[in-house]
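# Descriptive structure summary
One-letter residues, chain by chain:
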Amino acid sequence: MMARVTLLYFASLRDAAGTRSETVETGAADLGALFDEACRRHGFGMGRERLRVAMDGEFARWADAVRDGAEVAFIPPVSGG
Amino acid sequence: MSRFRISDRPFEIAPLRQRLLHARAGAFASFEGWVRDHNDGRPVLGLYYEAYVGLAEAEGARIVEEALRRSGAIEACCVHRTGELAIGELAVWVGASAAHRDAAFDACRWIIDEVKARVPIWKHERYAGGDAGWLHPPAPPPGSAD
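For the structure given in this document, a descriptive report is provided here.

What counts, and where the lines are drawn
Residues numbered from 1 in each chain as written. Chains lettered and ligands numbered in written order. Predicted model: local features only at pLDDT ≥ 70, side-chain atom pairs only at ≥ 80, totals over all residues. Helix = DSSP H or I, 4+ residues; strand = E, 2+ residues; numbered from the N terminus. Rg over C-alpha atoms; globule rule 2.2 N^0.38 Å. Buried ≥ 20, exposed ≤ 12 C-beta atoms within 10 Å, placed from the backbone. Contact = placed C-beta atoms within 7 Å. Nonpolar A, V, L, I, M, F, W, Y, C, P; charged D, E, K, R; others polar. Pairing = 2+ DSSP bridges. Axes fitted to C-alpha atoms, helices over the stretch in contact; angles between N-to-C directions. Parallel < 35°, antiparallel > 145°, perpendicular 65-115°, else oblique. Left-handed = near helix turned anticlockwise from the far one by under 90°.

### Things to note about the overall build of chain B
Regarding its fold elements, chain B presents 3 helices and 9 strands. Against the globule reference of 15 Å for 146 residues, chain B gives a C-alpha radius of gyration of 16 Å, in line with a compact fold. In terms of principal-axis extent, the alpha carbons of chain B reach across some 50 × 35 × 30 Å. Of all 146 residues assigned to chain B, the portion counted as buried reaches 34%. In chain B, the share of contacts with a sequence separation of at least 24, taken over all contacts with a separation of at least 6, comes to 78%.

### Thoughts on the interface of chain A and chain B
Across the contact, 14 residues belong to chain A and 22 residues belong to chain B. Where the side of chain A that touches chain B is concerned, the elements lending two or more residues are helix H1 (11-17) and strand S5 (71-75) of chain A. When its residues are assigned to classes, the side of chain A that touches chain B shows 9 nonpolar, 5 polar and no charged.

### Considering the sheet that holds strand S4 (residues 58-60) of chain A
All names here are of chain A. Read from one edge of the open sheet, 5 strands run S2-S1-S5-S3-S4, paired in mixed fashion. The sheet terminates laterally at strand S2 (21-26) and S4, the two strands that pair on one side only. Pairs of neighbouring strands in the sheet enclose a mean axial angle of 35°, with direction left out of account. Examined bridge by bridge, strand S3 (residues 52-55) and S4 share 3 bridges and lie antiparallel to one another.

### Brief notes about the packing of helix H2 (residues 53-71) of chain B against helix H3 (residues 101-118) of chain B
Residues and elements named next belong to chain B. Packing of H2 against H3 leaves a shortest axis separation of 9 Å and a crossing angle of 150°. Overall, the two elements H2 and H3 adopt an arrangement that is roughly antiparallel. Relative to H3, the crossing made by H2 is right-handed. Contact residues: Glu59, Gly60, Ile63, Val64, Ala67, Leu68, Arg70 and Ser71 in H2; Ala103, Asp106, Ala107, Trp110, Ile111, Glu114, Val115 and Arg118 in H3. Taken together, the residues that form the contact of H2 with H3 break down as 9 nonpolar, 2 polar and 5 charged.

On their own, these measurements won't tell you what the molecule is for.
Put into structure tokens, the structure is as follows:
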């Protein structure tokens, strides 16, 4: 089942993707697979083990199902403060 | 008003402190993060913060609320900048008020530590010599944080 999602990129992931966001059609079953697709597309220099994932503005899990119409953000290691 | 806010421009701290005044509070503690001229031994010319604002404000508010529950402090708040900052500029402000100083210090310390660990904000530094880059620190070893 295909879903349409908006992916958000920050910091070095945005530099690698060349964009702050993109909207894609995906058949990925979960957020982990969705990231793997994006990684193949953009060649990110860091893997899931260093990232967190958020869906619709809340932290989510890699095993969570992709929701049609969702906004998904991949969160690289933070450096605020 | 929210207990955690992202500000894309310089902000005044007097109104933040004013909000934390309370008849039951005998103590106030604050922390200010300033932009430093060096990092890891390298001279820094300036820096830029970006944030995933919606999630940052939600997670930051959770952190401040958790700090109040853990410490018993009466009230607390935190404001974090985004955008370009020069050396010496204020990057983040945390304040906490409590009946006594232990809770005020504890809440203040805990908030800045958790904000640094959890909130989706990223720092981009520019170094003397022309290079620049995002800071993506490695995760601390398990059990190293309280």
